[in-house]
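# Remarks on the overall topology
Spelled out, the chains give:
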Amino acid sequence: MSDPTQTLSALGLGHIVAEKGFKREGQGAFADPAGNRIAFASPQTLRSFRLVLDGERPGLWRTLQKAAGHACGGKIARDLDARLAAEQQPALASLPLEACLGFLEHHFSSHGWGLLSVDLTHAAEHGLVVARLSYSCFAEADPEGSDFADPLVAGMLQGFFEHISGQSLGCEEIACVRRGSAQCEFVITAPERLATVMPYLGREPAVKVITRLCV
């Protein structure tokens, strides 16, 4: 697979990911390069959200974060489509997949969520995409506990890939630094295929879960 950044440059889209980061918009406000307002959340804020929600109902944090991430991932893709349309460029679904991944990986790093890399090794033959996230802000903000730390990221990946593929997909975290892994790892594929490995998540290493999905 070619390098996503090189693909964007070759398509004349490298300037989008090369734009300067957040800027101050008057008193008490920041905006991203597209003009969307940004509000920063400290590690203490992220941890407090989880503690309060799970104190109300165990597991509520994961449910709400997954749903919020799904909505966010779709909006990231729609905002990119709007930006591309304004420059009379094809929509994400019409661009090479490597270009879409370049936008997504840049969005993660520029917003401080971590370093995302997407692996398409099993995509063509098995319809499986694997994503790996280093330096996850959620895992680092809330390192305690034995559950997976990144339901919001899983939801974001699902929403983004659903938009560019036009298909209903599922995404689950299968490894997490909070559980001793070197990085957080996610699988994106059809929901019915994901359902077959759900009983093994957290019980088997990521490589074995991926193997199950490639059978």
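Residues numbered from 1 in each chain as written. Predicted model: local features only at pLDDT ≥ 70, side-chain atom pairs only at ≥ 80, totals over all residues. Heavy atoms only, no water.

Before going further, it helps to spend a moment on the side chain of Asp150. By the element assignment, Asp150 lies in the loop between α7 (137-141) and α8 (151-165). Buried and unpaired, Asp150 has Arg178 as its nearest opposite-charge partner, separated by 7.4 Å. (Helix = DSSP H or I, 4+ residues; strand = E, 2+ residues; numbered from the N terminus. Buried < 20%, exposed > 50% of the residue type's maximum accessible area, 1.4 Å probe, protein only. Lys, Arg positive; Asp, Glu negative; His and termini not counted. Salt bridge = Lys/Arg side-chain N within 4 Å of Asp/Glu carboxyl O.)

We now examine helix α4 (residues 60-86). With 27 residues, α4 extends 39 Å from end C-alpha to end C-alpha; this agrees with the ideal 39 Å at 1.5 Å per step. Among the residues making up α4, those that are buried are Leu60, Trp61, Gln65, Lys66, Gly69, Gly73, Gly74, Ile76, Ala77, Leu80, Asp81 and Leu84. Tucked inside the fold, the buried residues of α4 contact α2 (14-18), α3 (43-56), α5 (97-110), α8 and β6 (170-175). At the exit of α4 stands Gln88, carrying a positive phi of roughly 55°. (Expected span 1.5 Å × (residues − 1). Contact = heavy atoms within 4.5 Å.)

Taken in spatial order, the three strands line up as β1-β2-β3 in an open sheet, and their pairing is antiparallel. The outermost strands of the open sheet, each flanked by one partner alone, are β1 (23-24) and β3 (37-38). In this structure, β1 lies alongside strand β2 (residues 30-31), joined through two bridges in antiparallel fashion. In the strand pairing of β2, Lys23 is matched with Ala31. (Pairing = 2+ DSSP bridges.)

What follows is about the sheet that holds strand β5 (residues 129-134). Strand order in the open sheet formed by four strands is β4-β5-β7-β6, with antiparallel pairing between adjacent strands. Looking at which strands have only one partner, the edges of the open sheet turn out to be β4 (115-119) and β6. If you compare each strand with its neighbour and ignore which way they point, the axes differ by 25° on average. As defined by bridge partners, β5 adjoins strand β7 (residues 184-189) across five bridges and the pair is classed as antiparallel. Paired with Arg132 across the two strands is Glu185, which belongs to β7. (Axes fitted to C-alpha atoms, helices over the stretch in contact; angles between N-to-C directions.)

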